[in-house]
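So you can see what is in the structure, the chains are spelled out below.
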Amino acid sequence: MTYEFLQHYWCFIVSLLGALLVFLLFVQGANSVASSLGQTAEGRRLVYNSTGRKWEFTFTTLVTFGGAFFASFPLFYSTSFGGAYWLWMIILFTFVLQAVSYEFQNKIGNILGPKTFQFFLTLNGILGPLLLGGAVATFFEGSNFIVAKDNLIDAGAVTPIISSWANASHGLDALLNPWVLVLGFAVVFLARVLGILYVMNNVADEGIRSRGTGRLIAAAVPFLVLFVAYLIHLLLKEGFAYNPATGVIFMEPYKYLTNFLDMWYLTVVLLIGVVLVLFGIGKTIFSKGYVGGIWPAGIGTVLTVLALLLCCAWNNTAYYPSTADLQSSLTLQNSCSSEFTLHTMFYVSLLVPFVLAYIVYAWRAIDSKKLTKEELESDHAY
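Let us look at the structure shown here. (Residues numbered from 1 in each chain as written. Predicted model: local features only at pLDDT ≥ 70, side-chain atom pairs only at ≥ 80, totals over all residues. Heavy atoms only, no water.)

1. Points about the overall build of the chain
Defined as follows: We count a stretch as a helix when DSSP gives it H or I for four or more residues in a row; a strand needs E for two or more, and each element gets its number in order from the N terminus. Every radius of gyration here is taken over C-alpha atoms, with the globule rule written as 2.2 Å times N^0.38, N being the number of residues. For every residue, the accessible area obtained with a 1.4 Å probe (protein chains only) is divided by the maximum for its type, and the residue is called buried under 20%, exposed over 50%, and partly exposed between those limits. Only heavy atoms enter the contact rule, under which two residues are in contact if any of them lie within 4.5 Å.
When you go through the chain residue by residue, the secondary structure sums to 16 helices and four strands. Since a compact globule built from 382 residues should have a radius of gyration of about 21 Å, the 21 Å found for the chain is in line with a globular shape. Each of the 382 residues in the chain was classed as buried or not, and the buried ones make up 51%. Sequence separation of 24 or more characterises 76% of the internal contacts of the chain that already satisfy a separation of 6 or more.

Okay, here's the thing in structure tokens:
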């Protein structure tokens, strides 16, 4: 195993975790449309109890994603999580609000009332996917930071800070880029699509399932428009490339289109993913009684996001570009851990299939029985 192989391997692992995280945002997506999908107070509780069975998976994957980035590419972790901390703090704060809201919305003694905590769930359902989608967009559009590794050996430096944000917004400036917002809102509507598909599959209620088709169309149309617009923009824009021999970073026309052409297997994965998402949406809309759309659409989401994330890092591409200083952009070469660390973690990663097997087992056990109105009377209902 060469150092280069380990860098690409851990890029794949981190990208896979990111792709799984986007799929698991169906929890946020369903919560954002719970009022219209559930319609009645009882219907809304059915939606919240359906997503309440899975919110831990989303939060755990988010934390694991950050941990894997920290271990394998620590300079990205310190630059993004440390520099763009307002963006990440808002994301984490909304997820904390989500966890609290599930537990307290219908607790005895809740002086704020259920609707307050349901508002927090809706807030997380919109802001969570929007900001996470915006964070992914910065891998292609760039962020406003500066990296100065010489500070580590500068005897006159008060504190050896390697990376710093170039302005006081600390990440929120990314939202001023319209293309960041395009991809961010595409993720919002994708999360809604997946959330509606999941609830239709998980909740045995004819009212919710019948309303789900109309809500699905309303979410799928803007998602497809936004995603196609961003994909066209991505394939036609300049990309951030680097010379592996010198480490010099430069702008290359049609870089991401070139990546998909050079790495044809990523193109195949992307096309399969898109087809699966469209199949899951289309069959649910046009086949009465079909409620299994979450599975093809979910698998398609993972494949599509995985291909996009690998496209922004492999093939000599700067995966976290800097708009303040081009040479500060992060690549697999200049931001990874030591070869010893990556090599040791490689063997640790062999345990991942066992963890995934446990998740699948727990998921099947939780969903072995469809959610019904009768279960709202149990002690474990939200």
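Anyway, onward from the coordinates.
2. Observations regarding the pairing of strand β3 (residues 239-242)
The two faces of a sheet get side chains in turn, since along a regular strand they alternate between them. Selection rule: For two strands to count as paired, DSSP must find a minimum of two bridges between them.
Neither face of β3 is exposed, since Gly 239 and Ala 241 on one face and Phe 240 and Tyr 242 on the opposite face are all buried. Strand direction decides the pairing type here: β3 and strand β4 (residues 249-252), joined by four bridges, are antiparallel. Paired with Phe 240 across the two strands is Met 251, which belongs to β4. The hairpin turn running from β3 into β4, its antiparallel successor, is six residues long, and Gly 247 in that turn takes a positive phi close to 80°.

3. As for unusual backbone geometry
Positive phi, normally seen in glycine, also occurs at His 170, with a value near 50°. With respect to the helices and strands, the residue His 170 is situated in the loop between β2 (163-165) and α9 (178-202).

4. Considering the packing of helix α1 (residues 3-24) against helix α15 (residues 339-349)
Two quantities define a packed helix pair, namely the angle between the axes and the distance from one axis to the other. Put simply, the test is: Every axis in this analysis is a line fitted to C-alpha atoms, fitted for helices over the stretch in contact. Angles between the N-to-C directions lie between 0 and 180 degrees. Relative orientations are named as follows: roughly parallel for angles under 35 degrees, roughly antiparallel for angles over 145 degrees, roughly perpendicular for angles from 65 to 115 degrees, and oblique for any other angle. For any helix crossing, the convention is left-handed if the near helix is rotated counterclockwise from the far helix by under a right angle, and right-handed if that rotation is clockwise. Gly falls in the polar group here, along with every residue not listed as nonpolar (Ala, Val, Leu, Ile, Met, Phe, Trp, Tyr, Cys, Pro) or charged (Asp, Glu, Lys, Arg).
The contact between α1 and α15 brings their axes to 10 Å, and the two run at 50°. The pairing of α1 with α15 is recorded here as oblique in orientation. With respect to the hand of their crossing, α1 and α15 are arranged in left-handed fashion. Two secondary-structure elements touch here, α1 through Tyr 3, Phe 5, Leu 6, Gln 7, Tyr 9 and Trp 10 and α15 through Glu 339, Leu 342, His 343, Met 345, Phe 346 and Ser 349. For the contact of α1 with α15, a count of residues per class yields eight nonpolar, three polar and one charged.

5. Observations regarding the environment of Tyr 3
Mapped onto the fold, Tyr 3 is located in helix α1. It is 26 Å that separates the C-alpha atoms of Tyr 3 and Leu 303, two residues lying 300 residues apart in sequence. In contact with Tyr 3, not counting residues within four places along its chain, are Cys 336, Ser 337, Ser 338, Glu 339 and Leu 342.

6. So, the state of the cysteines
Going by this rule: Count a disulfide wherever a pair of cysteine sulfur atoms falls within 2.5 Å.
By the definition in use, this model includes zero disulfides. As a non-bridged cysteine, Cys 311 has Cys 312 as the owner of its nearest cysteine sulfur, 7.2 Å distant. Judged by relative accessible area, which is 0%, Cys 311 ranks as buried. No disulfide involves Cys 336; its nearest neighbouring cysteine sulfur is the one of Cys 11, lying 11 Å away.

7. Comments concerning the nonpolar core
Going by this rule: What we call a nonpolar core is a set of buried Ala, Val, Leu, Ile, Met, Phe, Trp, Tyr and Cys residues that are connected through their side-chain atoms within 4.5 Å.
Core analysis: the biggest nonpolar cluster contains 107 residues, and Phe 73 and Tyr 319 have the highest contact counts within it. Among the elements that take part in this core, α9 stands out by supplying 14 residues, more than any other.

8. Side note on the packing of aromatic side chains
Definition in use: Ring pairs shown here join Phe, Tyr and Trp side chains whose ring centres sit within 6.5 Å, with only the six-membered ring taken for Trp; geometry is labelled stacked below 30 degrees between planes, edge-to-face above 60, and tilted in between. Cation placement over rings: the criterion is NZ of Lys or CZ of Arg within 6 Å of the ring centroid and within 35° of the ring normal.
Taken as a whole and judged by the stated rule, the model has 37 aromatic pairs. Stacked on the ring of Trp 363, the Lys or Arg Lys 54 has its end atom at 4.7 Å from the ring centre. The aromatic ring of Tyr 290 is capped on one face by Lys 283, whose charged end is 4.5 Å from the ring centroid.

9. Digging into helix α10 (residues 206-236)
Applied cut-off: For a helix, the expected span equals 1.5 Å multiplied by the number of residues minus one. In this analysis the local bend is the angle between axes fitted, respectively, to the seven residues ending at and the seven residues starting at the residue. Any pair of nitrogen or oxygen atoms within 3.5 Å is treated as a polar contact; in protein, a donor-acceptor pairing is required on top of that, and neighbouring residues in sequence qualify only through side-chain atoms on both sides.
In a regular helix each residue adds 1.5 Å, so 31 residues correspond to 45 Å; α10 covers 45 Å between its end C-alpha atoms and thus fits that length. At Gly 212, α10 shows its maximal bend, which comes to roughly 30°. Where α10 begins, the side chain of Asp 205 points an oxygen toward the backbone nitrogen of Gly 207, at a separation of 3.2 Å.

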